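Take a look at the letters that make up each chain.
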Amino acid sequence: MSERVTHEELMRYLDGEVGPEECCRIEVSLETSTELRRELAVYRAMKDDLQTLNLNDGGPNGSVWHAVNRHLARP
């Protein structure tokens, strides 16, 4: 049985920050675990959402959280 893939390893995999052996181990785990594939899909969606935020426009008080809140609260 393969070693459990941690959340940190999964995020590093998504960002392309793992070596070839670790990448292979994670991909084997992904093939056999629906839960792990679901977690990867959630992380990928979060990464895509964060990359689309315009954090340079912090709003009237210059807060990045204003931009995040505006993005999350949109209809």
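Structure: see above.
S.K.: Let's hear about the overall build of the protein chain: which residues, and what values?
M.R.: Scanning the protein chain for helices and strands turns up 4 helices and 0 strands. Secondary structure elements in the protein chain, listed N-terminal to C-terminal, are α-α-α-α. Per-residue burial over the protein chain gives 25% buried out of 75 residues. Counting only contacts in the protein chain whose residues sit at least 6 apart along the sequence, the fraction spanning at least 24 positions is 36%. Accessible area for the protein chain stands at about 5,800 Å²; split by element, carbon and sulfur atoms hold 55% of it.

S.K.: I'd like a rundown of the packing of helix H2 (residues 20-32) against helix H3 (residues 34-52), residues and numbers included.
M.R.: Contact geometry of H2 with H3 gives a least axis separation of 5 Å together with a crossing angle of 110°. The angle between H2 and H3 falls in the class roughly perpendicular. In this structure, H2 contributes Ser29, Leu30, Glu31 and Thr32 to the contact, and H3 contributes Thr34, Leu36, Arg37 and Leu40.

S.K.: Would you mind going over the nonpolar core in detail, with residue names and values included?
M.R.: Membership of the largest hydrophobic core is limited to 10 residues, which are Val5, Leu10, Tyr13, Leu14, Val18, Ile26, Leu30, Leu36, Leu40 and Tyr43. Every element with two or more residues in this core is listed here: helix H1 (7-14), H2 and H3. For Leu14, the residues in contact, after removing those within four places along its chain, are Leu40, Tyr43, Arg44 and Lys47.

S.K.: Residues and numbers for the side chain of Glu9, please.
M.R.: Position of Glu9 among the secondary structure elements: in helix H1. The class for Glu9 is buried, based on a relative accessible area of 13%. Setting aside chain neighbours within four positions, we find Glu9 in contact with Arg4, Val18, Glu22, Arg25 and Ile26.

S.K.: So what about the pattern of salt bridges? Which residues, and what values?
M.R.: Close approach of charged atoms allows side chains with opposite charge to pair. According to the stated counting rule, one finds 4 salt bridges in the structure shown. A salt bridge links Glu9 to Arg25; the shortest N-O distance between them is 2.7 Å. You can see Glu9 sitting in helix H1 and its partner Arg25 sitting in helix H2, a full 16 residues away along the chain. Ionic pairing is found between Glu22 and Arg12, a salt bridge with its closest N-O pair at 2.8 Å. Of the two residues, Glu22 is situated in helix H2 and Arg12 in helix H1; the sequence distance between them amounts to 10 residues. The exposure class assigned to Glu22 is buried, which follows from its relative accessible area of 19%. On the basis of relative accessibility, which here comes to 31%, the residue Arg12 falls in the partly exposed class.

What counts and what doesn't
- Residues numbered from 1 in each chain as written.
- Predicted model: local features only at pLDDT ≥ 70, side-chain atom pairs only at ≥ 80, totals over all residues.
- Heavy atoms only, no water.
- Helix = DSSP H or I, 4+ residues; strand = E, 2+ residues; numbered from the N terminus.
- Buried < 20%, exposed > 50% of the residue type's maximum accessible area, 1.4 Å probe, protein only.
- Contact = heavy atoms within 4.5 Å.
- Areas by Shrake-Rupley, 256 points an atom, 1.4 Å probe, with all protein chains shown as cover.
- Axes fitted to C-alpha atoms, helices over the stretch in contact; angles between N-to-C directions.
- Parallel < 35°, antiparallel > 145°, perpendicular 65-115°, else oblique.
- Core = buried A, V, L, I, M, F, W, Y, C linked by side-chain atoms within 4.5 Å.
- Salt bridge = Lys/Arg side-chain N within 4 Å of Asp/Glu carboxyl O.

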